[in-house]
Amino acid sequence: MDILKIAILGIAGTVLALVLKREKNEYSIYISITVCICIFIYLMTKLETVIDFVKELERAIPVDSRYIGLLLKMTGIAYVAEFATNICKDAGFAALGSQIEVFAKMSIMVVSIPVLSVFLETIGSLIT
């Protein structure tokens, strides 16, 4: 099971970072970031399954593929922002992490404008 591999990697990275924190504090953050990047890269390999599902969904439901692509972009922005924010906060730069979160929220808002426009048009056509 993949979750067991990731959990063991995370726990091993945490234990190693804690041991190194006593000796060389700066090395512990490098271990933490490296383990996070490894997990993130492994997560990206699983993205193919999601993309295949979305393609099947596009074939089954008559929805413009642009909107499904936009939803995937919004989800991607959220995941990348959370990843970067957590690394910043772990490194002791919470303010920088918060700015990444704000930027991600604004990016999602900008990307969602076409979806919101179509939604409002659909509501308007149902009302009239």
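My aim in this report is to walk through the structure given alongside it, one point at a time. (Residues numbered from 1 in each chain as written. Predicted model: local features only at pLDDT ≥ 70, side-chain atom pairs only at ≥ 80, totals over all residues. Heavy atoms only, no water.)

Things to note about helix 1 (residues 2–23)
Phase 1: With 22 residues, helix 1 should cover 32 Å at 1.5 Å per step; its first-to-last C-alpha distance of 32 Å lies within 8% of that length.
Phase 2: Buried within helix 1 we find Ile-6, Gly-13 and Ala-17. The arc that holds every buried residue of helix 1, seen down its axis, measures 35°, which confines them to one face. Relative to its buried face, helix 1 has exposed residues pointing more than 90 degrees away, namely Ile-8, Ile-11, Arg-22 and Glu-23.
Phase 3: Those residues of helix 1 that are buried lie in contact with helix 2 (25–45). (Helix = DSSP H or I, 4+ residues; strand = E, 2+ residues; numbered from the N terminus. Expected span 1.5 Å × (residues − 1). Buried < 20%, exposed > 50% of the residue type's maximum accessible area, 1.4 Å probe, protein only. Arc of directions from axis to C-beta. Contact = heavy atoms within 4.5 Å.)

Quick notes on the packing of helix 4 (residues 65–90) against helix 5 (residues 94–127)
Phase 1: Where helix 4 meets helix 5, the axes come as close as 8 Å, and the angle between the chain directions of the two elements is 175°. Classified by the angle their axes make, helix 4 and helix 5 are roughly antiparallel.
Phase 2: Of the residues assigned to the contact of helix 4 with helix 5, the class counts are 17 nonpolar, four polar and three charged. (Axes fitted to C-alpha atoms, helices over the stretch in contact; angles between N-to-C directions. Parallel < 35°, antiparallel > 145°, perpendicular 65-115°, else oblique. Nonpolar A, V, L, I, M, F, W, Y, C, P; charged D, E, K, R; others polar.)

Observations regarding a nonpolar patch on the surface
Phase 1: On the surface, a nonpolar cluster with roughly 650 Å² of combined accessible area is contributed by Leu-116, Phe-119, Leu-120, Ile-123, Leu-126 and Ile-127.
Phase 2: Judged by its relative accessible area of 68%, Ile-127 is exposed. (Patch = residues over 30% accessible without salt bridge, like charges linked within 9 Å, V, L, I, M, F, W, Y side chains within 5 Å. Areas by Shrake-Rupley, 256 points an atom, 1.4 Å probe, with all protein chains shown as cover. Salt bridge = Lys/Arg side-chain N within 4 Å of Asp/Glu carboxyl O.)

Re the layout of surface pockets
Phase 1: Here the largest pocket defines a volume of roughly 350 Å³.
Phase 2: Counting residues per element, the lining of the largest pocket draws most heavily on helix 4, at five residues.
Phase 3: Along the lines of polarity and charge, the residues of the lining of the largest pocket split into nine nonpolar, two polar and one charged. (1 Å grid on protein atoms, 1.4 Å probe; cavity = no way out; pocket = protein on both sides within 12 Å on 5 of 7 lines; lining within 4 Å. Points joined across faces, edges and corners; volume = space filled by probe spheres on them.)

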